[in-house]
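Fold and geometry: a report
Okay, here's what each chain looks like letter by letter:
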Amino acid sequence: MKTRSLTRACKRTASVLLCSASLLLTATPAGAVDVDVTITGPDGQPLEYAAVMARWPGATKPQANLIPAVMDQRNLTFVPHMLVVPQGSQVVFPNQDKTRHHVYSFSKTKTFDIKLYIGRPQRPITFDTPGVVTVGCNIHDQMQAFIVVSDDPRWAITDANGHARLAALPDSTVTLSIWHPWMISEDARVTRVLEPGTRQARITLDVDPPPTPPASSGSSLQDRFNELSH
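Only a predicted model underlies this, so the values are computations on that prediction, with no experimental measurement involved.

1. Looking at unusual backbone geometry
- Here V79 and P80 are connected by a cis peptide whose omega angle stands at 0°.
- As for its placement among the helices and strands, P80 is situated in the loop between β5 (77-79) and β6 (82-86).
- A positive phi angle is found at Y49, which is not glycine, with a value near 65°.
- Mapped onto the elements, Y49 comes out in the loop between β1 (33-40) and β2 (51-55).
- Residue classification places Y49 among the partly exposed positions, given a relative accessible area of 29%.
- With a phi close to 55°, N75 is a non-glycine residue in the positive phi region.

2. Concerning the sheet that holds strand β14 (residues 163-169)
- With respect to topology, three strands assemble into an open sheet ordered β14-β1-β17, the strand pairing being mixed. The sheet terminates laterally at β14 and β17 (200-204), the two strands that pair on one side only. Across the sheet, the mean angle separating the axes of adjacent strands is 25° when strand polarity is ignored.
- Inspection of the sheet shows β1 paired to β14 by five bridges, in the antiparallel sense.

3. Considerations on the nonpolar core
- The biggest cluster of nonpolar side chains holds 31 residues, and the ones touching the most others in it are I39, L166, L176 and L205.
- At the level of elements, β1, β2, β6, β12 (144-150), β14, β15 (174-179) and β17 are the ones that each hand at least two residues to this core.
- If we ignore the near neighbours within four places in the chain, the residues touching L176 are V37, V52, M53, A54, L166, V190, T191, R192, L194 and I203.
- Within the second largest apolar cluster, 21 residues are counted, among which are V91, C137, I139 and M143.

Conventions adopted
- Residues numbered from 1 in each chain as written.
- Predicted model: local features only at pLDDT ≥ 70, side-chain atom pairs only at ≥ 80, totals over all residues.
- Heavy atoms only, no water.
- Helix = DSSP H or I, 4+ residues; strand = E, 2+ residues; numbered from the N terminus.
- Buried < 20%, exposed > 50% of the residue type's maximum accessible area, 1.4 Å probe, protein only.
- Pairing = 2+ DSSP bridges.
- Axes fitted to C-alpha atoms, helices over the stretch in contact; angles between N-to-C directions.
- Core = buried A, V, L, I, M, F, W, Y, C linked by side-chain atoms within 4.5 Å.
- Contact = heavy atoms within 4.5 Å.

Structural data, given as structure tokens:
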């Protein structure tokens, strides 16, 4: 009896592995190549947190994540500062701080509101429309992060050196779509077409850094909470 159960379990495992392998082969174009992209500002300095998306003719849209992505709150900071998720995916916003946060967004791509809490909120947020979502905390004005909801099959976020690697692109014409927080709006995009054979691309964005906000450990609302707790 145990032998038959073990055999059935092995068959189910093999089926899952074969299915996963099939999906991987379907998602990866034949003759796939990696392309290194460098994003800089007009002064030639590298730009971190540029979301670089790639698509090509005949590409299939990515499936939503099976497991929610995580955007933590630690030391009055959203971690990571930027996420890219496939359309239809969920994101959860755990609060690791000892103070309460009120996470929200007024972006047209996704409006949501998670009122004052510590720990893990009751449910994740579903992001079902492509676009950019600016996330903030209604208690701590300096807290800000970005979620890019994408229906493109490939994407990457630039590091501190302005570098992003787009893996497993077809060796054909590929169109890049780029968004950076310093752009004039959430709808703004810079597009570049990569010709077949391209392995490296350097792209300059005409953006300027926003004014530096005054240093603050919290908002006036947070100060009020602190007063009430003493």
